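# Inside the fold
Read off the chains here:
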Amino acid sequence: MDKLIDSVNGLDTTKITVDSLNWKYGTGRSYTEKNGSEKICRYRHGVMTDAGDIMVDAWEKLVLLLIKRDGEELIHEQLSQWYKDTLGALWSEEDLRLMVLKAHTARLYDSPQWRDYMTFNQKYRPWVLKKPEEC
């Protein structure tokens, strides 16, 4: 069974990297709680990462915490603007927020396989597209 992480509290964030929080796939687990004689069924939505199975809201908080810690706010803002400009009419704010965080943890902006690699980097990071002899 994978390590379940339901909150940022108690995690040693000095040992976790943004890369280790890359969203591999979503997880879900149902469970029941007892409240006196009443049983309450609940469902836990999570994210499978190298760090463990993290509840979605905790994953979001953790990624944002590490982005700030690592000084990656600018690239995060650029990804946010990119997704808003290119997909904003198609997706809700919440979906866009998750897409940006997924893209950030996957380091899509560094992956030539990303369909928007060239246009994104031409706009925000043209130096990464230069050939070594051009530098």
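Located above this text is the structure these notes cover.
Residues numbered from 1 in each chain as written. Predicted model: local features only at pLDDT ≥ 70, side-chain atom pairs only at ≥ 80, totals over all residues. Heavy atoms only, no water.

## So, the sheet that holds strand β2 (residues 25-35)
The condition is simple: Strands pair, by our definition, only if DSSP identifies at least two bridges between them. The numbering of helices and of strands both runs from the N terminus, where a helix is a DSSP run of H or I of at least 4 residues and a strand a run of E of at least 2. It only takes one pair of heavy atoms within 4.5 Å for two residues to be counted as in contact. The convention used is that axes are lines fitted to C-alpha atoms, helices contributing only their stretch in contact, and that angles between N-to-C directions extend from 0 to 180 degrees.
Taking strand neighbours across the sheet as the criterion, the 4 strands line up as β1-β4-β3-β2 in an open arrangement whose pairing is mixed. Either end of the sheet is taken by a strand with one partner, and the two such strands are β1 (4-5) and β2. The sheet contact formed by strand β3 (residues 38-49) and strand β4 (residues 52-55) spans 4 bridges and is antiparallel. Bridge pairing in β4 links Gly46 to Met55. Sitting on the sheet, helix α1 (residues 56-69) touches β3 and β4, and the angle it makes with β4 is about 100 degrees.

## Remarks on α1
Heads up, the condition is: A helix's residues, less one, multiplied by 1.5 Å, set its expected span.
An ideal rise of 1.5 Å per residue puts 20 Å on 14 residues; α1 measures up with 20 Å between its terminal C-alpha atoms. Turning to α1, the residues buried within the fold contact β3, β4, α2 (73-87) and α3 (93-106). Two residues or fewer past α1, Gly71 is found with a positive phi of approximately 70 degrees.

## A closer look at the packing of aromatic side chains
Selection rule: Note on aromatic pairs: the rings of Phe, Tyr and Trp (six-membered ring only in Trp) are paired at centre separations within 6.5 Å, and the planes decide the class, stacked below 30 degrees, edge-to-face beyond 60, tilted for the rest. The buried label goes to any residue with under 20% of its type's maximum accessible area, the exposed label to any with over 50%, and the partly exposed label to all in between, with areas taken from a 1.4 Å probe on protein chains only.
Evaluated as defined, the whole model comprises 5 aromatic pairs. Look at Trp23 and Trp59: their rings are 5.1 Å apart centre to centre, the planes differ by 85 degrees, and that puts the pair in the edge-to-face class. On the criterion of sequence distance, the pair formed by Trp23 in the loop between β1 and β2 and Trp59 in helix α1 is long-range, its members being 36 residues apart. With a relative accessible area of 0%, Trp59 lands in the buried category. With a centroid separation of 5.0 Å and 45 degrees between ring planes, the pair formed by Phe120 and Tyr124 is classed as tilted.

## Considerations on the pairing of β3
Both β2 and β3 contribute to a ladder of 11 bridges, which runs antiparallel. By the bridge assignment, Lys34 is partnered in β3 with Lys39. Connecting β2 to the next strand, β3, in antiparallel fashion are 2 residues, including Gly36 with a positive phi near 70 degrees. The antiparallel hairpin formed by β3 and β4 contains 2 residues in its connecting segment.

## A closer look at the environment of Gln78
As for its placement among the helices and strands, Gln78 is situated in helix α2. Expressed as a C-alpha distance, the spacing of Gln78 and Tyr109, which sit 31 residues apart in the sequence, is 10.0 Å. If sequence neighbours within four positions are ignored, Gln78 has contacts with Phe120, Tyr124 and Arg125.

## What about the environment of Cys41?
Within the element layout of this structure, Cys41 appears in strand β3. With 11 residues separating them along the chain, Cys41 and Ser30 place their C-alpha atoms 7.1 Å apart. Among residues more than four places away in sequence, those in contact with Cys41 are Tyr31 and Thr32.

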